[in-house]
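Each chain, letter by letter, is given below.
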Amino acid sequence: MKKLILTCLVALVAFTVATPGTSADDVAPAIVAGVGCGFFDANGAFWGSGDGHVVHTQSANGNSNLYCNGTLSPGAVLPTRAMIWTNENTGFICGNGIIQFKGTTTPSGHFSFTCHGP
């Protein structure tokens, strides 16, 4: 389920960025506010966020970066200290085979993460 949610988010952002007839050099970063991105709570459960903010960039050589931040939905278990999440400690895949990601969930319920990949 975790993979499906973020894969759908990445597909949405990729669709927003893809513009026929332009090169990667010509495409500005896509900024998408209010999308349903989310992240992990203190128990490692994936929670959505209604206030998500996503920025997607793609370099001329095809590398892609996806950044998202927001606040976990009510009911999420908040950590007592900032928690770092990576693909190594979650097995989570950002989408399109992108396995490099790192993110943080804070005691206030804020989260942010970045995915890197080709």
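From a predicted model like this one, the values you see are computed outputs, not experimental measurements.

> Is there a simple way to think about the overall build of the protein in this case?
Within the protein, the regular secondary structure consists of two helices and eight strands. Of the contacts formed within the protein by residues at least 6 apart in sequence, a portion of 55% connects residues at least 24 apart. As displayed, the protein offers around 6200 Å² of accessible surface, 60% of which is attributable to carbon and sulfur atoms.

> Even after reading the chapter, I still don't get the environment of F39, so can you show me in this structure?
When you line up the elements, F39 lands in strand β2 (residues 38–40). Since its relative accessible area comes to 1%, F39 is described here as buried. Between the C-alpha atoms of F39 and F113, which are 74 residues apart in sequence, the distance is 8.0 Å. Leaving out residues up to four positions away in the same chain, F39 has contacts with A45, F46, W47, L72, W85, F101, G103, T104, T105, F111, S112 and F113.

> For this particular structure, what's the right way to read the state of the cysteines?
What makes a disulfide is a covalent bond joining the sulfur atoms belonging to two cysteines. The tally for this structure, following the rule as stated, stands at one disulfide. Disulfide pairing is shown between C37 and C68; the S-S distance is 1.9 Å. Here C37, found in the loop between β1 (30–35) and β2, pairs with C68, found in strand β5 (residues 64–71); they are 31 residues apart in sequence, far enough to count as distant. There is no split in this pair, since C37 and C68 are both buried.

> Looking at this model, I keep getting lost on the nonpolar core. Mind explaining?
Nonpolar side chains in soluble globular proteins tend to end up buried together. F39, F40, F101, F111, F113 and C115 are the most contacted members of the largest nonpolar core, which totals 17 residues. Elements represented by at least two residues in this core include exactly β2, β5 and β8 (110–117). In this view, F111 contacts C37, G38, F39, S49, C68, N69, G70, T71, L72, T104 and T105; residues no more than four positions away in its chain are not counted.

Calculation criteria
- For every chain, the first residue of the written sequence is number 1, and numbering continues from 1 onward in sequence order.
- At least 70 in pLDDT is required for a residue's local features to be given in this predicted model, at least 80 for side-chain atom pairs to be given and counted, and no such filter applies to totals for whole chains, interfaces and linings, which use all residues.
- For the side-chain quantities, the full set of heavy atoms in the structure was used; hydrogens and water were omitted.
- Helix and strand definitions follow DSSP, with helices as H or I runs of at least four residues and strands as E runs of at least two, each counted in order from the N terminus.
- Only heavy atoms enter the contact rule, under which two residues are in contact if any of them lie within 4.5 Å.
- Accessible surface is estimated by sampling points in the Shrake-Rupley manner with a 1.4 Å probe; for residues, cover comes only from the protein chains shown.
- For every residue, the accessible area (1.4 Å probe, protein chains only) is compared with the maximum for its type, and the residue is labelled buried under 20%, exposed over 50%, or partly exposed between those bounds.
- Disulfides are defined as pairs of cysteine sulfur atoms found within 2.5 Å of each other.
- For the purposes of this section, nonpolar cores are sets of buried Ala, Val, Leu, Ile, Met, Phe, Trp, Tyr and Cys residues that join through side-chain atoms within 4.5 Å.

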